[in-house]
Amino acid sequence: MTSPDTTPSILVVEDEPIVLATLKSTLEREGFHVVACASPIKALAVLAETDFAVIISDQRMPEMLGLDFLVESRRLRPDCSRILLTAVLNLPTVVDAINRGEIYRFVAKPWLREELVATVRNAIQRYLLTSHNQVLQAETARLNAQLTTANQALEAKVADLERQRGQVASANQELIQRYESSLELCRRILTAYDPILGSQAKALVEFATKMAQTDAFTAEEAHALRSAAWLCDLGLIGISRELLRSFRLRRGEYLADRERAMLQHHPIYSQTLAALVDPSMVIGETIRAHHEAFDGSGYPDGLSRNSIPWTARCLAVAVGFVESGLPKAAATETILSHSGTLYDPEAVRLFLKVMHLVNLPRQVNEILLEELQPGMMLATGIYTPHGLLLVGEGQTLGPGIIAKIRNHNDVTPISQRLLVYT
């Protein structure tokens with residue numbers, strides 16, 4: 001196939017030498033490269049070896065009719081433009097040949113030079129367009145093949161990435177589940193050590209979760225607030241139950257300096273233990289500062305105002321509410337009364353904004369025997385020293401049951417803790 005960038009060649013087949021020479025001379029003066037051949041048989045041999053843009057053939061030749069020659073040449077060179085020269089015009093035959101694509105045009109003898117040259121130029125243009133189109137089609141096919149290969153590779157890559165994404169998502173979900181299980185385990189440890197601590201932790205998590213769902217925190221802060229709510233009291237496990245009980249019942253009164261120092265250092269102990277569950281610095285700082293006061297009177301570091309992490313200021317309000325042991329209305333009043341002193345006013349506003357969204361679990365309080373009152377509900381059963389059930393868990397106390405408990409205590413002192421729902 002002749003390249004569109006080279007000079008197109010023209011094959012002229014004519015059995016009359018003078019006519020052949022005239023055609024060759026006429027076309028060469030126009031700048032065409034012309035190969036002249038007097039025999040259609042020899043011309044077919046040339047076509048077998050060489051490509052041409054245009055083939056011009058006379059119709060009446062002794063060895064083969066021009067139309068038959070052009071039909072045969074189409075088998076060898078299907079893309080070239082074929083022109084038939086004829087003195088005897090058999091119009092139906094010629095038109096049929098054009099329609100079937102066997103010839104491109106016909107030129108009647110004697111020809112006009114301008115008409116012949118114009119026909120040849122058009123024939124060359126048609127050949128060049130056809131050749132260029134084939135090049136484009138070949139390039140398109142090559143690019144399509146490359147695109148198909150690339151698409152297949154991309155699809156395989158996407159499938160692989162999707163598989164990896166699924167694995168990562170599954171791993172992340174498993175990590176989240178394990179993390180939540182670790183937090184829940186910490187709460188159960190708290191509950192096993194002290195049921196009140198477990199109950200308070202559950203309530204703290206509810207408040208922290210609702211606050212974390214607002215737009216007042218970054219994603220990291222929201223995670224830290226919720227995790228700190230689970231873990232902030234872990235350090236109390238290292239403090240004796242008797243000291244915790246005395247602190248709750250007397251609200252810190254009559255504590256020795258050493259005992260008070262132990263209680264005030266529990267956020268540091270909690271920070272250390274929480275790092276074993278989650279080493280996040282934000283979580284650790286939140287836990288350490290959750291008992292700091294807005295006015296600087298808190299512990300363990302005496303921080304104040306904005307030097308206290310925002311997450312710790314918010315957690316402090318929830319801790320104050322939950323640990324108050326008061327009914328909801330009274331606890332709210334207590335929080336409001338300390339806004340600007342113990343608590344950051346902005347943190348108080350955020351807490352009050354989400355408080356109504358929290359379905360609080362029943363709080364558990366420890367009381368003295370003389371504090372038993374009708375209407376209270378036991379959070380744990382009361383047993384005799386021999387393990388016999390005296391009053392069951394969930395029992396609502398009336399005057400008779402309270403008298404029974406006190407009478408039994410007069411005979412056999414009740415050593416276990418008295419826990420009631422509030």
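So, a few notes on the structure that sits alongside this text. (Residues numbered from 1 in each chain as written. Predicted model: local features only at pLDDT ≥ 70, side-chain atom pairs only at ≥ 80, totals over all residues. Heavy atoms only, no water.)

What follows covers the overall build of the protein chain. Looking only at helices and strands, one finds 15 helices and 10 strands in the protein chain. Over its C-alpha trace the protein chain gives a radius of gyration of 50 Å, far above what one expects of a compact globule, namely 22 Å for 422 residues. Its C-alpha atoms put the protein chain at 150 × 50 × 35 Å along the principal axes. A buried classification covers 41% of the 422 residues belonging to the protein chain. In the protein chain, once contacts between residues fewer than 6 apart in sequence are set aside, the share between residues at least 24 apart is 66%. Total accessible area on the protein chain is roughly 22,200 Å²; 56% of this is exposed by carbon and sulfur atoms. When the 41 positive and 48 negative side-chain charges of the protein chain are each reduced to one mean point, those points stand 3 Å apart. (Helix = DSSP H or I, 4+ residues; strand = E, 2+ residues; numbered from the N terminus. Rg over C-alpha atoms; globule rule 2.2 N^0.38 Å. Buried < 20%, exposed > 50% of the residue type's maximum accessible area, 1.4 Å probe, protein only. Contact = heavy atoms within 4.5 Å. Areas by Shrake-Rupley, 256 points an atom, 1.4 Å probe, with all protein chains shown as cover. Lys, Arg positive; Asp, Glu negative; His and termini not counted. Charge placed at Lys NZ, Arg CZ, Asp CG, Glu CD.)

Here the focus is the packing of helix α7 (residues 219-231) against helix α12 (residues 310-323). As a packed pair, α7 and α12 sit with axes 10 Å apart at the nearest point and diverge in direction by 40°. The angle between α7 and α12 places the two elements in the oblique class. Judged by the twist between their axes, the crossing of α7 over α12 is right-handed. Each of E221, L225, A228 and A229 in α7 lies in contact with α12, whose residues at this interface are W310, T311, C314 and L315. When the residues that make up the contact of α7 with α12 are grouped by side-chain class, the tally is six nonpolar, one polar and one charged. (Axes fitted to C-alpha atoms, helices over the stretch in contact; angles between N-to-C directions. Parallel < 35°, antiparallel > 145°, perpendicular 65-115°, else oblique. Left-handed = near helix turned anticlockwise from the far one by under 90°. Nonpolar A, V, L, I, M, F, W, Y, C, P; charged D, E, K, R; others polar.)

Here we come to the pattern of salt bridges. Counted by the stated rule, this structure contains 15 salt bridges. In this structure, E14 engages K109 in a salt bridge whose closest nitrogen and oxygen atoms are separated by 3.1 Å. Of this pair, E14 sits in the loop between β1 (9-13) and α1 (17-29) while K109 sits in the loop between β5 (105-108) and α5 (113-193), and the two are 95 residues apart along the sequence. Given a relative accessible area of 0%, E14 falls into the buried group. A relative accessible area of 21% places K109 in the partly exposed class. Here E72 makes a salt bridge to R75, at a shortest N to O gap of 2.7 Å. Of the two residues, E72 and R75 are both situated in helix α3 (residues 66-76); the distance of three residues between them amounts to about one turn of the helix. Among the residues examined, E72 registers a relative accessible area of 29% and is labelled partly exposed. On the accessibility criterion, R75 (59% relative accessible area) is exposed. (Salt bridge = Lys/Arg side-chain N within 4 Å of Asp/Glu carboxyl O.)

This next bit is on the sheet that holds strand β2 (residues 33-37). Read across the open sheet, the five strands follow the order β2-β1-β3-β4-β5; overall the sheet is parallel. A strand with exactly one partner marks an edge of an open sheet, and here the two such strands are β2 and β5. Across the sheet, the mean angle separating the axes of adjacent strands is 20° when strand polarity is ignored. Pairing of strand β4 (residues 81-86) with β5, which is carried by four bridges, proceeds in the parallel orientation. Bridging from a neighbouring strand, L84 pairs with F106 of β5. Sheet strands in contact with α5 are β1, β3 (54-58), β4 and β5, and its direction is about 155° off that of β4. (Pairing = 2+ DSSP bridges.)

A separate point is the packing of helix α10 (residues 266-277) against helix α11 (residues 281-288). Running from N to C, α10 and α11 cross one another at 160°; their axes reach a closest spacing of 8 Å. With respect to their mutual orientation, α10 and α11 come out roughly antiparallel. Between α10 and α11 lies a crossing whose hand is right-handed. Contact residues: P267, I268, S270, Q271 and A274 in α10; G284, E285, I287 and R288 in α11. Considered class by class, the residues forming the contact of α10 with α11 number four nonpolar, three polar and two charged.

With omega at -15°, the peptide bond leading from K109 into P110 counts as cis. Tracing the sequence through the fold places P110 in the loop between β5 and α5. Even without being a glycine, R305 presents a positive backbone phi close to 45°. Structurally, R305 can be placed in the loop between α11 and α12. On the basis of relative accessibility, which here comes to 51%, the residue R305 falls in the exposed class.

Keep in mind these numbers describe shape, not what the thing actually does.
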